[in-house]
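A look at the structure
Chain residues, written in single-letter form:
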Amino acid sequence: MIVKLLRIFVLTSIAASHAAAADVPGSADHPLVSRYAGSEIERYTQDTFTEYGLITGPITKRNGKKNNAESVLNLEGKLTRILYKSPDNRSTLEILRNYEQELGKAGFETVYECAGSKNCGGLNFAYTVVKSTPMVGVSQEQRYLAAQLKRDTGTVYVSVYANQNKAAGKDYAYVQLDVLETLSLIHISEPTRPLYIS
């Protein structure tokens, strides 16, 4: 029995180490939002205190948030941005529903949600959210969710953007997760520099 338990422990540890090895060095999941199972972190950035525009409506005009002010909530706080590559053959619907369910369990309330080209705003929406490849391109497959969690120390805002990558025979989704933590009282003792890992 002990030998069997040891084998299980070793196999579990190996699987966990393989998953961690696939992530960008120095990156980590945000403590409030778990990744979709089997996903890998490809990019990771963190800013101690910055401006952030949370998308709360369709982006139908060019030039991003500047020309779509009615669909943007301007915020300030600590920003963590994580780009995940999801496992093969997982739809953006499945992935986003998973995040929606997990956020709901954690007490988050949905602020805005959209799917597809027409509802979100097509490529205008995609380029506003991510501004770069490989996530831009299949606007019909894009899905977005914005949610908030109110706390005594400040509100936490989360945005989840998923899009499919089917170029060159590929079939997997990318997910960009943004977590913006506002504080009820901000105290910055000295200037800090953002951490960039890519």
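Heads up: the structure comes first, above all this text.
Structural notes, computed from the coordinates. (Residues numbered from 1 in each chain as written. Predicted model: local features only at pLDDT ≥ 70, side-chain atom pairs only at ≥ 80, totals over all residues. Heavy atoms only, no water.)

**Regarding the pattern of salt bridges**
Summed over all chains, the structure comprises eight salt bridges. Its salt-bridge partner being D23, residue R35 comes within 2.7 Å of it at the nearest N-O pair. Here R35, found in the loop between α1 (2–22) and β1 (40–55), pairs with D23, found in the loop between α1 and β1; they are 12 residues apart in sequence, far enough to count as distant. Looking at D23, the relative accessible area reads 12%, which means it is buried. With a closest N to O distance of 3.9 Å, E94 and R90 form a salt bridge. Relative accessible area serves as the criterion here: at 38%, E94 is assigned to the partly exposed category. (Salt bridge = Lys/Arg side-chain N within 4 Å of Asp/Glu carboxyl O. Helix = DSSP H or I, 4+ residues; strand = E, 2+ residues; numbered from the N terminus. Buried < 20%, exposed > 50% of the residue type's maximum accessible area, 1.4 Å probe, protein only.)

**Thoughts on helix α2 (residues 92–105)**
With 14 residues, α2 should cover 20 Å at 1.5 Å per step; its first-to-last C-alpha distance of 20 Å lies within 8% of that length. For α2, the full list of buried residues reads T92, I95, L96, Y99 and L103. End-on, the buried residues of α2 take up no more than an arc of 90 degrees, which puts them together on one face. In this structure, the buried residues of α2 make contact with β2 (72–88), β3 (109–115), β4 (143–149), β5 (156–165) and β6 (172–181). Phi turns positive, to about 100 degrees, at G107, one or two residues after α2. (Expected span 1.5 Å × (residues − 1). Arc of directions from axis to C-beta. Contact = heavy atoms within 4.5 Å.)

**Observations regarding the environment of S91**
Tracing the backbone shows S91 in the loop between β2 and α2. Measuring from C-alpha to C-alpha, the distance between S91 and D171 comes to 8.9 Å, with 80 residues separating the pair along the chain. Within the structure, the side chain of S91 is placed 3.0 Å from the backbone nitrogen of E94, a separation counted as a polar contact. (Polar contact = N/O pair within 3.5 Å; in protein donor to acceptor, adjacent residues only side chain to side chain.)

**Thoughts on the state of the cysteines**
Per the counting criterion, the structure on display carries one disulfide. The disulfide partner of C114 is C120, and the gap between their sulfur atoms is 2.1 Å. The S-S bond linking C114 to C120 shows a torsion near 110 degrees; that makes this disulfide right-handed. Judged by relative accessible area, which is 0%, C120 ranks as buried. (Disulfide = S-S within 2.5 Å.)

**As for the nonpolar core**
Counting 22 residues, the largest nonpolar core has Y99, L103, V158, V160 and L177 as the members making the most contacts within it. Looking at this core, the elements that each hand over two or more residues are β1, β2, α2, β4, β5 and β6. In contact with L103, not counting residues within four places along its chain, are V33, F108, L145, A147, V158 and V160. Counting residues in each nonpolar core, the second largest holds 18 residues, with C114, A126, Y157 and L180 among its members. (Core = buried A, V, L, I, M, F, W, Y, C linked by side-chain atoms within 4.5 Å.)

**Quick word on the environment of V129**
On the secondary structure map, V129 appears in helix α4 (residues 122–129). The spacing of V129 and I59 is 70 residues in sequence and 9.5 Å in space, taken between C-alpha atoms. When neighbours within four sequence positions are excluded, V129 is seen to be in contact with I55, Y161 and Q176.

**A short note on the pairing of β2**
Inspection of the sheet shows β1 paired to β2 by 13 bridges, in the antiparallel sense. Counterpart to E40 in the pairing with β2 is K85. Across nine bridges, β2 lies against β6 in antiparallel orientation. Paired with K85 across the bridge in β6 is Y174. (Pairing = 2+ DSSP bridges.)

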